[in-house]
Amino acid sequence: QVQLVESGGGLVQPGGSLRLSCAASGSISSIAAMNWYRQAPGKQRELVASISSGGSTNYADSVKGRFTISRDNAKNTVYLQMNSLKPEDTAVYLCQSRLTTHPFLPPANYWGQGTQVTVSS
């Protein structure tokens, strides 16, 4: 019933910017955290950025100072603003959320389908 849908990926030149969006829909009681992961060919899946229900944020060292994660609670949407993009940022970016669908049910992890980001000249 819960779905996460990412958007905003695409092709951009080095030094450019993109803003990714992830909208959660369905039966949602509360969201503990929303995260952005990325998966590049030949590499392990990497946690890029996280934002908690309280608004605390964390970033991978590789993106600190360049990426900003934010959320719109009214829309159940998380954003990832990516600036000063580098070729090594090329990956499929996946939205992940740990949430509950009912107050009396335990939390679970949900994943979006992913959106491709390609940084190339």
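Scroll up for the structure.
Just so it is clear, the model here is predicted, and its values are computed rather than measured.

A. Main features of the pairing of strand β1 (residues 3-7). Alternating residues of β1 divide into Leu 4 and Glu 6, all buried, and Gln 3, Val 5 and Ser 7, none buried. With five bridges connecting them, β1 and strand β3 (residues 18-25) associate as antiparallel partners. Residue Val 5 lies in a different strand from β3, and its bridge partner there is Ala 23.

B. Up close: the state of the cysteines. Within the structure shown, the criterion is met by one disulfide. Here Cys 22 pairs with Cys 95 through a disulfide, and the sulfurs are 2.0 Å apart. On the sign convention where negative is left-handed, the bridge of Cys 22 and Cys 95, at about -80° about the S-S bond, is left-handed. Taken together, the positions of Cys 22 in strand β3 and Cys 95 in strand β9 (residues 91-100) put the pair 73 residues apart, joining distant regions of the chain. When sorted by exposure, Cys 22 lands in the same class as Cys 95, which is buried.

C. Main features of the side chain of Arg 38. Along the chain, the position of Arg 38 falls in strand β4 (residues 30-39). A distance of 3.0 Å separates the side chain of Arg 38 from the side chain of Asp 89, its partner in a polar contact. For Arg 38, the side chain forms a polar contact with the side chain of Tyr 93, separated by 2.9 Å. In contact with Arg 38, other than residues within four places in its own chain, are Gln 44, Arg 45, Glu 46, Val 48, Ser 62, Val 63, Phe 67, Glu 88, Asp 89, Ala 91, Val 92 and Tyr 93.

D. Molecular detail of the nonpolar core. Counting 28 residues, the largest nonpolar core has Trp 36, Val 48, Phe 67, Val 78, Leu 80, Met 82 and Tyr 93 as the members making the most contacts within it. For this core, the secondary structure elements donating two or more residues are β3, β4, β5 (46-52), β7 (67-72), β8 (77-82), β9 and β11 (115-119). With sequence-adjacent residues up to four places away left out, Val 78 is seen in contact with Leu 20, Ser 21, Cys 22, Met 34, Trp 36, Ile 51, Ile 69, Ser 70, Arg 71 and Cys 95.

E. Quick peek at the pairing of β4. Of all 10 residues that make up β4, seven are buried, and the element is covered over most of its length. Relative to β9, β4 runs antiparallel, the two sharing nine bridges. Paired with Ala 33 across the two strands is Arg 98, which belongs to β9. Relative to β5, β4 runs antiparallel, the two sharing six bridges. Bridging across to β5, Arg 38 finds its partner in Glu 46. In textbook terms, the turn of a hairpin is the stretch between consecutive antiparallel strands, and for β4 and β5 this stretch comprises six residues, one of which, Gly 42, has a positive phi near 75°.

F. Focus on the sheet that holds β8. Here we have four strands laid out as an open sheet, ordered β1-β3-β8-β7, and antiparallel in their pairing. At either end of the open sheet lies a strand with only one pairing partner, and these are β1 and β7. Averaged over neighbouring strand pairs, the angle between their axes works out to 15° when direction is ignored. Examined bridge by bridge, β7 and β8 share six bridges and lie antiparallel to one another.

Quick notes on the rules
- Residues numbered from 1 in each chain as written.
- Predicted model: local features only at pLDDT ≥ 70, side-chain atom pairs only at ≥ 80, totals over all residues.
- Heavy atoms only, no water.
- Buried < 20%, exposed > 50% of the residue type's maximum accessible area, 1.4 Å probe, protein only.
- Helix = DSSP H or I, 4+ residues; strand = E, 2+ residues; numbered from the N terminus.
- Pairing = 2+ DSSP bridges.
- Disulfide = S-S within 2.5 Å.
- Polar contact = N/O pair within 3.5 Å; in protein donor to acceptor, adjacent residues only side chain to side chain.
- Contact = heavy atoms within 4.5 Å.
- Core = buried A, V, L, I, M, F, W, Y, C linked by side-chain atoms within 4.5 Å.
- Axes fitted to C-alpha atoms, helices over the stretch in contact; angles between N-to-C directions.

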